[in-house]
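Structure assessment
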Amino acid sequence: MTVAAATTMLFAAQNMTAQETTQDVAMNETEVQAPVQDGFEKIEASALPEVVTNAIEADKAGSTVTEAYVNEELGVYKLMLQAEGSEIETAFINAEGKWVTVE
């Protein structure tokens, strides 16, 4: 009887270990996607059109794009700009290089 109880406990322990391993693997395979906020999708600053980068250089001289987003439906870019020694500013610009207000 002791042998039967020991065998049952051994198989139960192995089954629990197998279930835990399967759950860990399933959790590790989950992808995380960046949320789209207000219809804007994050892009690399290097992907900004030349007309937009020229407008930044002309109108916001000394500012660096720390983050860039695009709303393709509106044709508007959301930029996080930071000039040296100042706080980050959020600015919106259209594909023609004109600064706009988005509500």
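The structure we're discussing is the one just above.
Thresholds applied
- Residues numbered from 1 in each chain as written.
- Predicted model: local features only at pLDDT ≥ 70, side-chain atom pairs only at ≥ 80, totals over all residues.
- Heavy atoms only, no water.
- Pairing = 2+ DSSP bridges.
- Helix = DSSP H or I, 4+ residues; strand = E, 2+ residues; numbered from the N terminus.
- Phe/Tyr/Trp six-rings, centres within 6.5 Å; stacked < 30°, edge-to-face > 60°.
- Lys NZ or Arg CZ within 6 Å of the ring centre and 35° of its normal.

Moving on, we get to the pairing of strand 2 (residues 63–71). Here is the key point about a regular strand: its side chains alternate between the two faces of the sheet. Two strands pair when backbone bridges link them, and strand 1 (residues 41–43) and strand 2 are joined in this way by three bridges, in the antiparallel orientation. Among the inter-strand pairings, Lys42 is bridged to a residue of strand 2, identified as Tyr69. Where strand 2 meets strand 3 (residues 76–83), eight bridges bridge the pair, whose relative direction is antiparallel. When the bridges of strand 3 are listed, Val65 appears paired with Leu81.

This part covers the packing of aromatic side chains. A ring pair, where both rings are aromatic, is described by two values, the distance of the centres and the angle of the planes. By the definition in use, this model includes one aromatic pair. Taking NZ or CZ as reference, Lys78 lies 5.5 Å from the ring centre of Tyr69, over its face.

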